[in-house]
Amino acid sequence: MHYKDLEIWKIARALVIEIHKMTIEDLPKFEMFETGSQIRRSVKSIKANIVEGFTRRQYKQEFIHFLVIAEGSAEETRDHLETLYETGSFKSKEKYMQLHTELSKLIKMIHNFKDVVQKSHLSSK
């Protein structure tokens, strides 16, 4: 199995692309270096931590650690998205709702995946 086979990685990858495009196409110019920059970094961190954790999966505690970081980055991304929408920098309610729903789904999936890895680690002791 490869990390690219993980559903959480596939969803994180799609969100990286969607959020990157959103920050380029839909935000005012001043947000490119403000919250736009922050949300691009946090969404990319989700995917990167899934990859890094998966490559260290033989060490279950490290794998879990990186999944915890990925989950935190997903929460951070959702917070940045909410801030952009609530301040009026991101105006498309439809796109906001779609991205918010996808992020919420991903957060839940990462959390559940982390639990499965944790339980498999505990049962192997």
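Residues numbered from 1 in each chain as written. Predicted model: local features only at pLDDT ≥ 70, side-chain atom pairs only at ≥ 80, totals over all residues. Heavy atoms only, no water.

A closer look at the overall build of the protein
- What the protein contains, in helices and strands, is four helices and zero strands.
- Ordering the α and β elements of the protein from the N terminus gives α-α-α-α.
- Dimensions of the protein, computed from C-alpha atoms along their principal axes, come out at roughly 50 × 20 × 20 Å.
- Relative to its full complement of 125 residues, the protein shows a buried share of 41%.
- In the protein, once contacts between residues fewer than 6 apart in sequence are set aside, the share between residues at least 24 apart is 73%.
- On the protein, roughly 7,100 Å² of surface is accessible, and the fraction owed to carbon and sulfur atoms is 54%. (Helix = DSSP H or I, 4+ residues; strand = E, 2+ residues; numbered from the N terminus. Buried < 20%, exposed > 50% of the residue type's maximum accessible area, 1.4 Å probe, protein only. Contact = heavy atoms within 4.5 Å. Areas by Shrake-Rupley, 256 points an atom, 1.4 Å probe, with all protein chains shown as cover.)

Quick word on the side chain of K114
- Take K114: it is sitting in helix 4 (residues 93-123).
- Taking relative accessible area as the criterion, K114 reaches 13% and is therefore assigned buried.
- Setting aside residues up to four positions removed in sequence, K114 forms contacts with I64, L67, V68 and E71.

Remarks on the nonpolar core
- If you look at the biggest cluster of nonpolar residues, it comprises 31 residues, and the most contacted ones within it are M22, I46 and I50.
- Contributions of two or more residues to this core are made by helix 1 (7-25), helix 2 (35-55), helix 3 (60-86) and helix 4.
- With eight residues, helix 1 is the single largest residue contributor to this core.
- If we skip the residues at most four places from it in the chain, I50 touches L6, I8, W9, A12, A70 and I110. (Core = buried A, V, L, I, M, F, W, Y, C linked by side-chain atoms within 4.5 Å.)

Focus on the environment of K47
- Assignment of secondary structure puts K47 in helix 2.
- Residue K47 is classed as partly exposed on the basis of its relative accessible area of 25%.
- When the C-alpha positions of K47 and S73 are compared, they lie 9.2 Å apart, and in sequence the two are 26 residues distant.
- Residues contacting K47, with those up to four places away along its chain left out, are W9, A12, R13 and V16.

That's the geometry; what it means functionally is another story.
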